[in-house]
Amino acid sequence: MCGIVGYVGPKKASEVIIKGLKRLEYRGYDSAGIATINGSLSVKKGKGKVAKLESLLSSGVEGGIGIGHTRWATHGEPNDINSHPHLSDDGKIAVVHNGIIENYNTLKKNLSDRGYSFYSETDTEVVAKLIESFLEEKPEDLKRAVRLSLAQINGTYGLAIVHEDFPDQIMVARKGSPLLLGIGEGEMLIASDASAVAEYTDKVVYLDDGELAIIRKDGYEVHSSQDEALTKEVHELAMSLDEIEKGGFPHFMLKEIFEQPKAISDCLRGRINPAKGTITLGGIESVLDQLANARRIIIAACGTSWHSGLVGEYLFESLAELPVEVEYASEFRYRAPLIGEGDVMIVISQSGETADTLAALREAKQKGALVLGVVNVVGSSIARETDAGVYIHAGPEIGVASTKAFTAQVTVLTLMAIKLAQHRGTIEDKKAAELIRELDQIPGKIEHVLKNASGIEHISNLFTYAPNFLYLGRSYGFPVALEGALKLKEISYIHAEGYPAAEMKHGPIALIDDMMPVVVIAATDHTNDKMVSNIEEVKARKGRIIAITVEGNKEVENLAEFVTEVPETIDELTPLLTVIPLQLLSYYIAVNRGCNVDQPRNLAKSVTVE
Ligand code: G6P
């Protein structure tokens, strides 16, 4: 959720931090703030985006050390006072925080009773006061004060702390919220996300839960919660600046929609051999037997990743003949789930940091299940905590509404399902080879769909002010209907619902009249007749039908008021094509409505609180 960045070195810290915050703004953007030390501690913060904070700093802030924050509010409305950094009573300690301090009310009461005063509604402010209280006992030992404070905190945190009397160091601590150290030449950075440090270094150290680190311009130290010094692995960051910039597109979302052919090619590279009809997935090779003999597979995820999980369910069941359940990660954990040895959990997450997904993974692992990850961000918490997994290699996704991660996740799940089916002997060689050859064609077919973006823009212009949308699909079209509706809700704030086309008759049909746009995803062969009947039912009630169908499906085309065609493909692969027009539809509608596409209200790219 919130973004954190910190810098110590020869550069002007405020400039590095503002740049970093802009890169992290997709994680939260209701307020922003910065604390720097130049002799004394100075803080600038306020409600609004990073650009507004930047204007507050126009007079220039000196100093080669500082921390910054871009917020997604959990406790206390977004306003100037609740913005981070938060300060100790003496104004010498500044703290920025990502996460939730669950026992902050108790801590606040204790500290208030001891004479500390509070100015904000946030949970974070207690951290600054708590550190101050321990520092009063031993003013020369900041590390001790931070460590003792952390021991009193329940909940989750990524914390960065600076103290005016310790002007050469930034202290950071992690429990449940990501943090990494960026190692530069004569400079060091800290950040909640690698994109904020990529410009300065490609060497990073990922902190693990319970660890506390101190950075100075010429080095760093990492300690365990027991205060033992740790030697951490230094990772090489493979992230180019092009990947985290808009590259001529007006929005990251549009850039990422158009990047899908490349994202899928990257995802397939080295993994398929269309000539031989084989698949190599190094990340799960060692657990393939266990996976193939699984009692059942449980897929846990949130948001768009949950939708790709649904596609995964259809794929695994039909190709590998394995029973699959798809769970909202948040519900799984609090339901006394029956899972144990012999079961396999697959967690799907773009960011690899979603708190609920991480919690589900831990629950499954603790109960003895094998846990696999389908993750985009290399080195993320989920990637590191799973037993094995397959990266989707979609490259950084910055638009809050997920697009290329969805298609890359579905691509990986398709690869896994085919591989598993081959291993279990549930697929004929001919069918597997056909699927693999067709997968190889998918990037080109997506290019073809993208060429018709202007046609979809035209449809979007006609429906920009519709108050509601219904999305209907069957089989592989159903998860796509859900995803299409989610995209529209997220960025245009239009109420939209996705439904299995037949289930429409059990309620949503009552909503259909001549004002209701109904998007039908009708691209799978094996459900075509039934889908045609459902479209007839919508038409009979004068719904405005926008059909996504395969080239040459005259039956559907004759019924629909508007049609977008996708190239023909095998039923199992249709989600990779049919979702593209829906992403574009929501994008153009949101732009027409003047919405902030990349930073929709109230949302965050990475939900690191439960
Ligand atoms: C947030 C994002 C969605 C994303 C979901 C799950 O809601 O806005 O785009 O699908 O989290 O995130 P994950 O990183 O776990 O895929």
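Residues numbered from 1 in each chain as written. Predicted model: local features only at pLDDT ≥ 70, side-chain atom pairs only at ≥ 80, totals over all residues. Heavy atoms only, no water.

Colleague: Can you tell me about empty space enclosed by the protein, naming the residues and giving the values?
Modeller: Inspection of every chain in the model, using the stated rule, returns 1 cavity of 30 Å³ or more. Taken as a whole, the largest cavity holds about 80 Å³ of empty space. Along the wall of the largest cavity there are 15 residues; nearest its centre are Cys-2, Trp-72, Thr-74, His-84 and Gly-99. Of the residues forming the lining of the largest cavity, the biggest block, 3 residues, is contributed by strand 6 (residues 93–101). Of the residues assigned to the lining of the largest cavity, the class counts are 5 nonpolar, 8 polar and 2 charged. (1 Å grid on protein atoms, 1.4 Å probe; cavity = no way out; pocket = protein on both sides within 12 Å on 5 of 7 lines; lining within 4 Å. Points joined across faces, edges and corners; volume = space filled by probe spheres on them. Helix = DSSP H or I, 4+ residues; strand = E, 2+ residues; numbered from the N terminus. Nonpolar A, V, L, I, M, F, W, Y, C, P; charged D, E, K, R; others polar.)

Colleague: Can you lay out the nonpolar core for me, pointing to particular residues and giving the numbers?
Modeller: Side chains that are nonpolar tend, in soluble globular proteins, to be buried together. Membership of the largest hydrophobic core comes to 101 residues, with the highest contact counts inside it found for Ile-297, Ile-346, Leu-372, Met-416, Phe-469 and Tyr-471. With 12 residues, helix 14 (residues 404–424) is the largest single contributor of residues to this core. Two domains share this core, each providing at least three of its residues, namely domain 2 (248–449) and domain 3 (452–596). Excluding anything up to four places from it in sequence, Met-416 contacts Leu-281, Ile-284, Phe-316, Ile-346, Leu-372, Val-374 and Val-390. Among the nonpolar cores identified, the runner-up in size contains 31 residues, and Leu-53, Leu-180, Val-204 and Val-400 belong to it. (Core = buried A, V, L, I, M, F, W, Y, C linked by side-chain atoms within 4.5 Å. Buried < 20%, exposed > 50% of the residue type's maximum accessible area, 1.4 Å probe, protein only. Domains from an automatic or database assignment. Contact = heavy atoms within 4.5 Å.)

Colleague: Please set out unusual backbone geometry residue by residue, giving values where relevant.
Modeller: Note that the residue after His-84, namely Pro-85, is joined by a cis bond; omega there is 0 degrees. With respect to the secondary-structure elements, Pro-85 resides in the loop between strand 4 (65–71) and strand 5 (86–87). The backbone of Ala-336 sits at a positive phi, close to 45 degrees, despite the residue not being glycine. Take Ala-336: it is sitting in the loop between helix 11 (329–333) and strand 20 (343–349). Ala-336 sits in the exposed class, given a relative accessible area of 62%.

Colleague: Quick one: what's the story with a negative patch on the surface, residue by residue and with numbers?
Modeller: A cluster of acidic side chains, namely Asp-525, Glu-551, Glu-565 and Glu-568, defines a negative patch on the protein surface. A relative accessible area of 53% means that Glu-568 is categorised as exposed. (Patch = residues over 30% accessible without salt bridge, like charges linked within 9 Å, V, L, I, M, F, W, Y side chains within 5 Å. Areas by Shrake-Rupley, 256 points an atom, 1.4 Å probe, with all protein chains shown as cover. Salt bridge = Lys/Arg side-chain N within 4 Å of Asp/Glu carboxyl O. Lys, Arg positive; Asp, Glu negative; His and termini not counted. Charge placed at Lys NZ, Arg CZ, Asp CG, Glu CD.)

Colleague: Can you break down the packing of aromatic side chains residue by residue, with the values?
Modeller: Across all of its chains, the model carries 7 aromatic pairs by this definition. Between Phe-463 and Phe-562 the ring centres are 5.6 Å apart and the planes differ by 85 degrees, which places this aromatic pair in the edge-to-face class. With Phe-463 in helix 16 (residues 453–463) and Phe-562 in strand 27 (residues 562–566), this residue pair connects regions lying 99 residues apart in the sequence. Each member of the pair, Phe-463 together with Phe-562, is buried. Each member of the aromatic cluster is reached from another via a ring pair, and the members are Phe-463, Phe-469, Tyr-471 and Phe-562. The cationic tip of Arg-601 hangs over the ring face of Tyr-493; the distance from NZ or CZ to the ring centre is 3.9 Å. (Phe/Tyr/Trp six-rings, centres within 6.5 Å; stacked < 30°, edge-to-face > 60°. Lys NZ or Arg CZ within 6 Å of the ring centre and 35° of its normal.)

Colleague: An account of the site of the ligand is requested, with residue identities and associated values reported.
Modeller: Around the ligand, a shell composed of 13 residues is seen, among which Ser-305, Ser-349, Gln-350, Ser-351 and Thr-354 lie nearest. One nitrogen or oxygen atom from the side chain of Ser-305 is found 2.5 Å from an oxygen atom belonging to the ligand. Between an oxygen atom of the ligand and a side-chain N or O atom of Ser-351, the distance comes to 2.6 Å. Considered on its own, the ligand offers 390 Å² of accessible surface; in the complex 91% of this is hidden by protein. (Near = heavy atom within 4 Å. Polar contact = N/O pair within 3.5 Å; in protein donor to acceptor, adjacent residues only side chain to side chain.)

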